[in-house]
Amino acid sequence: MYVLVRSEILSKHLHTALYSTSNHADKNIRKLGKYTAIGVFGFSIFGGLFLFRQYSSLEQSLHSIDQDVFELERGQNSYIYIDNTAQKDEEEKRKKKNAVWFPWLQRFSSNPWTLLKIARSPDHNVRLLGVRALSETHGWHDSEYRQIAQAVDARTLIGLARSPKIDKRFFLPPPRLPSDMECTEDNFRKLLSALPTTGIDQCTQYFTSNALSEGKQAMAEERGGLWCFGGNGLSFAQSLSAVPPEKVEKFCLEALIRHSKVNSHRLEVVKRGGLQLLQQINLERSSSSQQILHCVGQVIANLAMRNDLRADLICSGWVSILVSWLKSSDLCLSLEAARALANLDRDFGPEKYTDGIYLIHPIHRSSEPVYADVVFVHGLLGGAFKTWRQQDPEEGENTTELTSPCWPKDWLAKDCPNIRIICVDYDTYLSEWAPKCPFEVEKRSLQVRGKEILEKLHLAGVGNRPIVWVGHSMGGLLIKQMLLESWNSDSHIQSMARKTLGVIFYSVPHKGSSLAAYSTQAKFLLNPSIEVKELCQDSQMLRQLHQDFTKLAFSLGFPVLSFGELEKMDLGLNVKAVVVPPESSDPGFGEYYRMKLNHLTICKPKNLNSELYQITLDFIRDCIGPDWIGSILEANFSEQDYMLPSSVDS
C-alpha cells in the first residue's frame, strides 16, 4: 500500500524553460494560441495548414531544449512506502522508468550544450533537473566532455560531482604543482608558523607549537614525550634512530585539522598555499598511507564549510579528487569526500556538516523526498567508521551473502530510502594517559560534549524534520543528555526534542557499567578518564539523568527500543565480564530485548535477516509511519518546520 504524491510544478518548470530559451519560440507560442482560439469557432483548411506550419517552427526553435526535462519532472513523482513489498515494486518501476528516459528528449540528448544550458537555468528546479539530465546522459566524445569541463560553472560542477553515476571526464585534472616546491615538512612549518595565534583554543596552540618545534631529528632524540602522550609511545619507541616522515606529517596534519575548525583560519590556510600543500601530500601518500589521506580529507571538508572558498577548491582541482574518493572502498575516505562535497553544494540544501558529523545517506543528490533523520551516536572507544560495521563472520561461516562495513549505509538506506542517515563521531578515552591534548578534559563530560554536538547537528539541519536516535553504550547517554538539553533550551536547538519520533538503545548503561567499576579499581594504574568516571555504577549523575529522561519520554510520548547483552567480554588481565548487565541496560519502559551478544557485537547485526536488524528496522518503520508522513505532506515538503502530532506535542 502506498500513497502517491503528485508533482505540481511541471507546468511552472516547463513554462520557465520555454520562456527563457527563445524569444522566437515565445512569439510562436502566442501566435499558436491566437490561431487556436480562432480555430475553435471555425477551423478552415488554410488555418489548419498555418497552424501546422507554426507548430513545426515552434518545434524547431525548441530544438535546444533536451526533452528529458519533461520526463525528469514526471520522474519526480514520489512515493511514500508503508509496506516493504510495495516499496520494492515501486523501486523497480522507477529504475525501469529512469532507464528508458523520455523519448522526446532523447532526440536532443546528443548535444551536451543543450543540457548544460538547462543546468544553468535561473529557475532552481529546472536547474536541478538539468544537472541530473547532464549527468545521466552518456556516450559523448572525449572532446565534448573536455569542452563541457572547461565551460561548466562552479554551481553545476558541484552538482555533477554529487550525481551518483557521473562520468569523471566532466572534471579537469588538478593543475601541476610547481617543480620547485620544498619538502612537505618544510612547507608545513611555513604554513603553521604563518597562521594566526589568536582565536584558537589551548589544544590548537598545543599541537601547533609542538609541530613547529619537533622535527624528525628532534623527535628521534626526544623519542617520547609528545608521541607517548598521544598513545603511540610503545610502537614508536621501537625505532630509536629515526622518525618516519609519515609520523611527522600526521602530527602536522593534526595541527592543521585543529586550525581548519576555526572559521577565520580556514581563509588563512588557503591564502598561504594550504590547498597546494595538501595536494602535494595526496600525490606522495595516495598509494602508501590511507591514514594520511583521511587527515587530508578532514581538512578539505572543514575548508569547504566556507562558501567563499569554493572557487579556490575548484580551481586547485580538488573536486576531481573528491569525486575519486567518493567512489573509494575506504569508508572513511569516501565519507570525508561526501562531507566536503555536501558542504560545497549550496544549490541543493543549506545544511553544513562540521567535523564529526558525517552524512551516511544519501551521499549523492537524490530526487527522493526525505521524511526523517536517523542519527547514530557511538559509545566509549567507538567511532563512526567502526562501531556500525557488520559483525565479523565466524570461522567456517558462509560469507557469500551481502556484507557491510557500515550497515546503516548499506542496509538501512535501502530498506528505508526516504530517510537521511547521519553518524556522529567524537574521541573518547579509557585513561587520562591516552588523550592527545592535556587541555580538553573538561570538554569531554556528557554535559559539555552534548551541547557541542547539538550545535553541530543543528548546522546539519537536524531538527527541521522528525528524528529517530540510535545510540550504543555511552552514545545512548549522550542522546539522553542532548534531548534534555534541547528540551530545556529556549533557543534553536529545542526543536530536536520536539521532533523526536523514537530512540534505540544498544547496551546503554543507564545505571552504570562494570567496565567503569573495573577501571576505577585500577585507578592508580589506568588513571580513569572523565568518560569512565561518569559511567560508574550507582552514579548519582546517571540516576538523575535517567529520571529526567524518563519524564521527558513520557511527556513527549516517543517510543523507546532497548537491547541488552548477555555474553561476557574479555577486558584484559584474565578478566571477563558482561560490560553492561541487563539490570543497567533495561531502562524500565519501552521494548526491551536480551541478546546473546557481547558489548561490541550488540550493535553489529550479522546479516539482513538477523533478529537484531529486523527488530531495529521494524521500529524505525513504525516511527516513520503513515500518520507522520501525512502530517508532513499537509505541511508541505518545502517548509522547514513540520507540525507535531498532538500525542507528542505537550
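Asker: It is not clear to me how the overall build of the chain should be interpreted in this structure. Could you clarify?
Answerer: The secondary structure content of the chain amounts to 33 helices and 11 strands. Relative to its full complement of 650 residues, the chain shows a buried share of 55%. Partitioning the contacts of the chain with sequence separation of at least 6, the portion at a separation of at least 24 is 77%. Carbon and sulfur atoms make up 53% of the accessible area of the chain, which totals about 29,800 Å².

Asker: Can you help me understand the pattern of salt bridges in this one?
Answerer: Pairs may arise between side chains of opposite charge once their charged atoms sit close together. This structure, assessed with the given rule, holds 19 salt bridges. One salt bridge in this structure joins Glu136 and Arg132, with 3.3 Å as the shortest N-O distance. One end of the pair, Glu136, and the other, Arg132, are both in helix H8 (residues 124-136), four residues apart, so they sit about a helical turn from each other. Looking at Glu136, the relative accessible area reads 28%, which means it is partly exposed. One connected set of salt bridges, linked through shared partners, spans Lys261, Asp355, Glu452 and Lys456.

Asker: Even after reading the chapter, I still don't get unusual backbone geometry, so can you show me in this structure?
Answerer: Negative phi is the rule for most residues except glycine; trans is the rule for most peptide bonds. Here the amide bond leading from His361 into Pro362 is cis, since omega sits at -5°, within 30 degrees of zero. Along the chain, the position of Pro362 falls in the loop between strand S3 (357-361) and strand S4 (372-377). Phi at Ser473 takes a positive value of approximately 55°, unusual for a residue other than glycine. Looking at where Ser473 falls in the secondary structure, it is placed in the loop between strand S6 (467-472) and helix H25 (474-487).

Asker: Would you mind showing me how to read the pairing of S4 here?
Answerer: A regular strand places its side chains on the two faces of the sheet in alternate fashion. Taking burial as the measure, the six residues of S4 include six buried ones, the bulk of the element. Burial along S4 is two-sided: the residues Ala372, Val374 and Phe376 and Asp373, Val375 and Val377 are all buried. Taken together, the five bridges between S4 and S6 define a ladder with parallel strand orientation. Bridge pairing in S6 links Phe376 to Val470.

Asker: Please clarify how the sheet that holds strand S7 (residues 500-506) should be interpreted in this entry.
Answerer: The strands that make up a sheet are held in pairs by hydrogen bonds between backbone atoms, and each pair lies either parallel or antiparallel. Across the sheet, which stays open at both edges, the seven strands sit in the order S3-S5-S4-S6-S7-S8-S11 with mixed pairing between neighbours. With partners counted over all chains shown, the strands left at the sheet margins are S3 and strand S11 (591-595), one partner each. If you compare each strand with its neighbour and ignore which way they point, the axes differ by 15° on average.

Asker: What's the story with helix H17 (residues 263-271) in this structure? I'm lost.
Answerer: Owing to its 3.6 residues per turn, the α-helix aligns residues three or four sequence positions apart on the same side. Within H17, the full set of buried residues consists of His265, Arg266, Glu268, Val269 and Val270. Buried residues along H17 sit against helix H11 (184-194), helix H16 (245-260), helix H18 (274-285), helix H19 (290-303) and helix H20 (310-315). Gly273 occupies a position one or two residues after H17 and carries a positive phi of about 85°.

Asker: Please clarify how the packing of helix H23 (residues 407-415) against helix H32 (residues 611-623) should be interpreted in this entry.
Answerer: Packed helix pairs are specified by the crossing angle of their axes together with the interaxial distance, meaning the distance between the axes. Contact geometry for H23 and H32: axes closest at 11 Å, N-to-C directions at 50°. On the basis of the axis angle, H23 is oblique to H32. The two elements H23 and H32 meet at a crossing, and its hand is right-handed. In this structure, H23 uses Trp407, Trp411, Leu412 and Asp415 to contact H32, whose residues at the interface are Tyr613, Thr616, Leu617, Ile620 and Arg621. In terms of residue class, the contact of H23 with H32 is made up of six nonpolar, one polar and two charged.

Asker: I would appreciate a short explanation of the side chain of His599 in the present structure.
Answerer: By the element assignment, His599 lies in the loop between S11 and H32. A distance of 2.7 Å separates the side chain of His599 from the side chain of Glu565, its partner in a polar contact.

Asker: Help me out: how do you make sense of the pairing of strand S8 (residues 560-565) in this one?
Answerer: By the criterion of burial, S8 is predominantly enclosed, with six of the six residues buried. A two-sided burial pattern is seen for S8, the buried positions comprising Val560, Ser562 and Gly564 on one face and Leu561, Phe563 and Glu565 on the other.

Asker: Looking at this structure, how should I read the environment of Gly379?
Answerer: Considering the arrangement of structural elements, one finds Gly379 in the loop between S4 and H23. For Gly379, a relative accessible area of 1% puts it in the buried group. Separated by 129 residues in the primary sequence, Gly379 and Val508 have C-alpha atoms spaced 8.7 Å apart. Setting aside residues no more than four positions away along its own chain, Gly379 makes contact with Tyr426, Thr428, His472, Ser473, Met474 and Gly475.

Asker: Whenever I open this one, the packing of aromatic side chains confuses me. Can you help?
Answerer: Two numbers describe a pair of aromatic rings. These are the distance of the centres and the angle of the planes. Applying the stated criterion across every chain, the model contains 19 aromatic pairs. Pairing Tyr206 with Phe207 gives two aromatic rings, centres 5.6 Å apart and planes at 85°, and the pair type is edge-to-face. Neither residue differs from the other here; Tyr206 and Phe207 are each classed as buried. Ring centres of Tyr358 and Phe385 lie 4.9 Å apart, and the angle between their planes is 70°; this geometry places the pair in the edge-to-face category. Within this pair, whereas Tyr358 is found in strand S3, its partner Phe385 is found in the loop between S4 and H23, the two being separated by 27 residues in sequence. With a relative accessible area of 3%, Tyr358 lands in the buried category. On the basis of relative accessible area, Phe385 is assigned to the partly exposed category, the value being 24%. Cluster of aromatic residues (ring-pair linked, three or more members): Phe376, Trp388, Trp407, Trp411, Tyr506, Phe563, Tyr593 and Tyr613.

Asker: It is not clear to me how helix H12 (residues 202-213) should be interpreted in this structure. Could you clarify?
Answerer: Between the first and last C-alpha of H12 there are 16 Å, a value that for 12 residues agrees with the 16 Å anticipated at 1.5 Å per step. Residues Cys203, Thr204, Tyr206, Phe207, Thr208, Asn210 and Ala211 constitute the buried set of H12.

Asker: What should I look at first to understand the packing of H12 against H16 in this one?
Answerer: Look at H12 against H16: their axes get within 9 Å of each other, and the N-to-C directions meet at 145°. Taken as a pair, H12 and H16 cross one another with a handedness that is left-handed. The segment H12 lies against H16, with Cys203, Thr204, Phe207, Thr208, Asn210 and Ala211 engaging Phe251, Cys252, Glu254, Ala255, Arg258 and His259.

Asker: In this structure, what is going on with the confidence of the model for the chain? I would like to understand it.
Answerer: Interpreting fine coordinate detail is not advised for predicted regions of low pLDDT. On average, residues of the chain score 77 in pLDDT, and 69% of them are at 70 or above. The low-confidence segment residues 520-525 (pLDDT under 50) makes five contacts with residues lying over four places distant or belonging to another chain. Here residues 636-650 is modelled with pLDDT under 50, and outside its nearest four sequence neighbours on either side it reaches 33 contacts, counting other chains as well.

Asker: Just to check I follow, could you spell out the environment of Asn111 for this structure?
Answerer: Locating Asn111 in the fold gives a position in the loop between helix H6 (103-106) and helix H7 (112-119). Along the backbone, Asn111 and Leu134 are 23 residues apart, and their C-alpha atoms lie at a distance of 9.9 Å. A distance of 3.1 Å separates a polar atom in the side chain of Asn111 from the backbone nitrogen of Trp113. Here the side chain of Asn111 touches Thr114 through a polar contact of 3.1 Å, side chain to side chain.

Asker: Please explain the environment of Phe563 as it appears in this structure.
Answerer: With respect to the helices, strands and loops of the structure, Phe563 is situated in strand S8. Owing to a relative accessible area of 0%, Phe563 belongs among the buried residues under this scheme. Between the alpha carbons of Phe563 and Phe505 there is a distance of 6.2 Å; along the sequence they are 58 residues apart. With residues up to four places along the chain from it excluded, the contact list for Phe563 reads Ile504, Phe505, Tyr506, Ser507, Ser585, Tyr592, Tyr593, Met595, Ile602, Leu612, Ile615 and Thr616.

Calculation rules
Residues numbered from 1 in each chain as written. Predicted model: local features only at pLDDT ≥ 70, side-chain atom pairs only at ≥ 80, totals over all residues. Heavy atoms only, no water. Helix = DSSP H or I, 4+ residues; strand = E, 2+ residues; numbered from the N terminus. Buried < 20%, exposed > 50% of the residue type's maximum accessible area, 1.4 Å probe, protein only. Contact = heavy atoms within 4.5 Å. Areas by Shrake-Rupley, 256 points an atom, 1.4 Å probe, with all protein chains shown as cover. Salt bridge = Lys/Arg side-chain N within 4 Å of Asp/Glu carboxyl O. Pairing = 2+ DSSP bridges. Axes fitted to C-alpha atoms, helices over the stretch in contact; angles between N-to-C directions. Parallel < 35°, antiparallel > 145°, perpendicular 65-115°, else oblique. Left-handed = near helix turned anticlockwise from the far one by under 90°. Nonpolar A, V, L, I, M, F, W, Y, C, P; charged D, E, K, R; others polar. Polar contact = N/O pair within 3.5 Å; in protein donor to acceptor, adjacent residues only side chain to side chain. Phe/Tyr/Trp six-rings, centres within 6.5 Å; stacked < 30°, edge-to-face > 60°. Expected span 1.5 Å × (residues − 1). pLDDT = per-residue confidence, 0-100.

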